[in-house]
Amino acid sequence: MPTLSRYFVRSALIYLGIGFTLGGFILAAKGGGADARFWLWLPTHIVFLLNGWLIQLSMGVAYWILPRIHLSDRGRQGWAWGGFVAFQLGLLLTLGTILSLWVPEVQSLFAPGLLLQTLGVFFFAIHALPRIRPALVRAASAP
Amino acid sequence: MPTLTRWTIRAAMIYLLVGLAAGALYWANAQWSLSPILSSLNPTYIHILVVGWLTQLIFGVIYWMFPIIRKDNMRGDPRLAWAVFGLLNAGLLLRIGCEPWRSVTPNDLNGMGLVLSALLQVVAGYLLILVCWPRVRARAGTGGA
Ligand code: HEM
């Protein structure tokens with residue numbers, strides 16, 4: 001598994017952990033066992049699990065297993081790394097919104113966070129597009 | 001395919017069918033007002049799909065296909081992986097039982113059920129990370145210890 005895929009998948013696992021934790025607090029609040037203010041975390045819960053977990057895992061595995069351009073060459077790697085960086089920055093802004101329970105102003109980080117995550121997926125798509133094609137299987141005897 | 005993966009994929013397929021059916025009933029009711037009880041299926045049906053189907057399926061496939069740790073310890077301690085399967089499904093089933101029930105008749109029992117469901121699913125999530133983390137590696141480990 002290439003380095004970038006490892007970074008994507010590890011980050012996905014971390015956001016799964018945080019997303020489940022936030023969901024757990026909200027579910028406990030729904031059951032009357034925790035402070036109702038945890039409901040403020042609902043949008044962050046959704047973004048962490050849909051984007052941080054599911055989308056990041058998809059990008060990590062796609063970078064790993066999509067057909068390569070040539071032998072070990074995965075093509076426009078700069079775009080894939082750029083996508084990773086933008087996505088991480090976006091998730092960090094979303095992470096900041098957890099503090100909105102105590103500092104309501106940080107909720108304003110939510111939309112910029114989502115925009116950066118969208119940009120990250122866009123960059124990644126520029127990388128991945130040429131790799132979405134039939135795999136070229138070379139015969140062992142081919143020149 | 002390891003036994004655990006077969007169980008997770010089977011369970012995931014059942015959740016997919018149940019989640020799609022529950023979602024269809026919820027939205028059919030929103031359009032045709034069939035029965036007020038059906039409006040309690042949201043957001044339970046969403047979590048049947050995203051936790052029961054997607055997350056569980058992903059877990060089973062990672063467990064099966066990601067690079068192994070070592071030849072003599074391919075996937076880590078299987079008891080941990082089975083604990084993920086047990087806790088995730090117990091937590092989700094508890095939610096499926098208590099969440100719609102609570103939206104119709106809130107009481108202490110379904111409230112406690114939701115708190116317990118939260119705890120079970122969160123612990124399952126942490127164990128899932130523990131099981132999958134060592135499998136995120138450059139290449140399959142070879143040899144023994
Ligand atoms: C991959 C996993 C998950 C995803 C993608 C996800 C996504 C979502 C989405 C989209 C909603 C909004 C539903 C709506 O407003 O109709 C939601 C709500 C919620 N989620 Fe999750 N979720 C996940 C896992 C969990 C887990 C593990 C828990 C608990 C431990 C949880 C607890 C909640 C709660 C309590 C709500 C609010 C329910 C309500 O509005 O009454 N979620 N989630």
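Relevant structure appears above.
Residues numbered from 1 in each chain as written. Chains lettered and ligands numbered in written order. Predicted model: local features only at pLDDT ≥ 70, side-chain atom pairs only at ≥ 80, totals over all residues. Heavy atoms only, no water.

Caption draft 1: Representation of the overall build of chain B within the structure. The secondary structure content of chain B amounts to four helices and zero strands. The dimensions of chain B, computed from C-alpha atoms along their principal axes, are 60 × 30 × 20 Å. In chain B, which comprises 145 residues, the proportion classed as buried is 46%. Of the contacts made within chain B by residues no fewer than 6 positions apart, 76% connect residues no fewer than 24 positions apart. (Helix = DSSP H or I, 4+ residues; strand = E, 2+ residues; numbered from the N terminus. Buried < 20%, exposed > 50% of the residue type's maximum accessible area, 1.4 Å probe, protein only. Contact = heavy atoms within 4.5 Å.)

Caption draft 2: Quick look at helix H3 (residues 78-104) of chain B. The end-to-end C-alpha separation of H3(B) is 40 Å, in line with the 39 Å expected for 27 residues at 1.5 Å each. When H3(B) is considered as a whole, its buried residues turn out to be B:Ala81, B:Val84, B:Phe85, B:Leu88, B:Asn89, B:Gly91, B:Leu92, B:Arg95, B:Cys98, B:Glu99, B:Pro100 and B:Arg102. Buried positions along H3(B) lie against helix H1 (3-30) of chain A together with helix H1 (3-32), helix H2 (44-65) and helix H4 (108-132) of chain B. (Expected span 1.5 Å × (residues − 1).)

Caption draft 3: Up close: helix H3 (residues 77-96) of chain A. Residues and elements named next belong to chain A. Between its first and last C-alpha atoms H3 spans 29 Å; for 20 residues at 1.5 Å apiece the expected length is 28 Å, and the two agree. Along H3, the residues classified as buried are Ala80, Gly83, Phe84, Ala86, Phe87, Gln88, Gly90, Leu91, Thr94 and Gly96. In this fold, the buried residues of H3 make contact with H1, helix H2 (42-65) and helix H4 (110-128).

Caption draft 4: Up close: the nonpolar core. Counting 32 residues, the largest nonpolar core has A:Leu13, A:Leu16, A:Trp53, A:Leu57, B:Phe59 and B:Leu128 as the members making the most contacts within it. Within the residue set of this core, elements represented by two or more residues are H1 and H2 of chain A together with H1, H2, H3 and H4 of chain B. With 19 residues, the next largest nonpolar core counts A:Tyr15, A:Ala62, A:Tyr63 and A:Phe124 among its residues. (Core = buried A, V, L, I, M, F, W, Y, C linked by side-chain atoms within 4.5 Å.)

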